[in-house]
Amino acid sequence: MVGFVAEWGMKVLFVPLGVLAVIFLVLASGVASKEEGAIQALMITGGCCHDYEAQKEILSVGISERSEREIDWTILHEGGDARDHRVSVYGEEDWASGYDIVLHNECFGGVEDAAFVDKMVEGHKGTPAVVLHCTMHSYRNAPTERWRDLLGVKSMRHWKKRPITVVPLEPDHPVMKGYPAGHTTPEGELYEVIEVRESCTPLATGKTDVGQEEICVWVNDFEGTRVFGTTLGHHNSTMSEDEYLDLVTRGFLWGLGGSAN
C-alpha cells in the first residue's frame, strides 16, 4: 500500500495516501466553509440624541470580538441629527436581501410617511433583526403599526435618565444565559412600553430607583422572522459594558438561528 510515514511524538504512523487525500479535502473544505461562512451584517444607524459615531464602533467591534464566526459589517450611518430622515436603502425593494441580519440603532421618530414605513417593514421580512434603544421610538409618528409589529413592542416616550437595574424574567433563555442577576447600568434611560405584541416574549424588565419598571429585553417572532430587542443603550457607558455587549451578541447570534416558529 502506498502511503506516507509520519512521526507523531515517539510513534511512527503509516498513513495511506487515500486517507491523506480525504484529510486534505476535509481540511480544505473547512477552510472554505469558514471563509464562506462569514456573517453578512448590516448596521443602520444615525439620527438625533445619541453618539452614533462612537456607538457604531462600540457595537461592531464588541459583537465581532464575542462571535466565533467572522462578521462582515456594512455600516450605513446617515441622516445627521435629523429626526425625519428617510434611510436611503429603505426605499428599495427587498432592501435587506443579501444580509444575514440587520442591526438597527437609529433615531428617526419624525418620519410620518406610513407608506414608506410599510414598504421598509415588508422588505425586512425573512431577515432577522436586532433593534436597540431609540429604534423603538423611530417612525412612531407614522400612522401605521407595522413597525411595532416588527419590533414586538410599542413605546412612545421614556422616563428621566437614571441607572437601570435589569431583572431577568427568563434566565434560561439563550439570550439571557449568563446575564448577572440584579446588574445595574451605570447610566440609563428607561423606555415606557405601553404595548407588548402577542408574538413577543419578554426576557427582562428594567427598574429605576424611583420605582419605574418596564420590559427592557425581549425576543419577537415577526411573521416567522426572528427579532431581538432591548431599550437599553442610550449612553456609551452602558453600551460599552461587557454585560451589554454580551447580551446584544447573544441576541444577535440567536437571531441567526433560523425560523422564529
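Preceding this section is the structure that the text describes.
Nothing here was measured: the structure is a model prediction, and the numbers come from that model. (Residues numbered from 1 in each chain as written. Predicted model: local features only at pLDDT ≥ 70, side-chain atom pairs only at ≥ 80, totals over all residues. Heavy atoms only, no water.)

(A) Here's a closer look at the pairing of strand 5 (residues 101-107). With seven of its seven residues buried, strand 5 lies for the most part within the structure. Residues of strand 5 alternate between two faces, with Ile101, Leu103, Asn105 and Cys107 on one and Val102, His104 and Glu106 on the opposite face, all of them buried. By the bridge criterion, seven bridges tie strand 3 (residues 39-47) to strand 5 in an arrangement that is parallel. Of the residues in strand 5, the one forming a bridge with Ile44 is His104. Of the strand pairs in this sheet, strand 5 and strand 6 (residues 129-132) are connected by three bridges, and their pairing is parallel. For His104, the partnering residue across the bridge sits in strand 6 and is Val131. Between strand 5 and its parallel partner strand 6, the chain crosses via helix 3 (residues 114-124), and the hand of that crossover is right-handed. (Buried < 20%, exposed > 50% of the residue type's maximum accessible area, 1.4 Å probe, protein only. Helix = DSSP H or I, 4+ residues; strand = E, 2+ residues; numbered from the N terminus. Pairing = 2+ DSSP bridges. Right-handed = clockwise from strand over helix to strand, strands pointing away.)

(B) Main features of the sheet that holds strand 5. As summarised here, the arrangement of the eight strands in space is 4-3-5-6-14-13-12-9, forming an open sheet in which the pairing is mixed. Strand pairing shows two members of the sheet lacking a second neighbour, strand 4 (71-77) and strand 9 (165-168), which therefore form its edges. Averaged over neighbouring strand pairs, the angle between their axes works out to 20 degrees when direction is ignored. Direction of pairing for strand 9 relative to strand 12 (residues 200-207): antiparallel, over a ladder of four bridges. Of the residues in strand 12, the one forming a bridge with Pro168 is Ala204. Sheet contacts for helix 2 (residues 52-66): strand 3, strand 4, strand 5 and strand 6; angle to strand 4, the most-contacted strand, approximately 170 degrees. (Axes fitted to C-alpha atoms, helices over the stretch in contact; angles between N-to-C directions. Contact = heavy atoms within 4.5 Å.)

(C) Structural view of the side chain of Thr127. Looking at where Thr127 falls in the secondary structure, it is placed in the loop between helix 3 and strand 6. Excluding anything up to four places from it in sequence, Thr127 contacts Ala96, Tyr99, Asp100, Ile101, Val102 and Thr225.

(D) Spatial organisation of the packing of aromatic side chains. Applying the stated rule across the entire model yields five aromatic pairs. Between Tyr139 and Trp147 the ring centres are 5.2 Å apart and the planes differ by 85 degrees, which places this aromatic pair in the edge-to-face class. Just as Tyr139 is buried, Trp147 falls in that class too. Taken together, the ring pairs in this structure connect Tyr90, Trp95, Phe116, Tyr139 and Trp147 into an aromatic cluster. In this structure, Arg157 is placed above the aromatic ring of Trp159, and the distance from its NZ or CZ to the ring centre is 4.8 Å. Over the face of the ring belonging to Trp254 we find Arg226, whose NZ or CZ atom lies 4.5 Å from the ring centre. (Phe/Tyr/Trp six-rings, centres within 6.5 Å; stacked < 30°, edge-to-face > 60°. Lys NZ or Arg CZ within 6 Å of the ring centre and 35° of its normal.)

(E) Molecular detail of the pattern of salt bridges. Inspection of every chain in the model, using the stated rule, returns 18 salt bridges. A salt bridge links Glu145 to Lys154; the nearest nitrogen and oxygen atoms lie 3.4 Å apart. On the basis of relative accessible area, Lys154 is assigned to the buried category, the value being 18%. When the shortest N-O distance is used, the salt bridge between Glu223 and Arg146 registers 2.9 Å. Within this pair, whereas Glu223 is found in the loop between strand 13 (213-222) and strand 14 (225-230), its partner Arg146 is found in helix 4 (residues 146-151), the two being separated by 77 residues in sequence. If you follow the salt bridges from partner to partner, you end up with Glu122, Lys125, Glu145, Arg146, Arg148, Asp149, Lys154, Glu195, Arg197 and Glu223 in one network. (Salt bridge = Lys/Arg side-chain N within 4 Å of Asp/Glu carboxyl O.)

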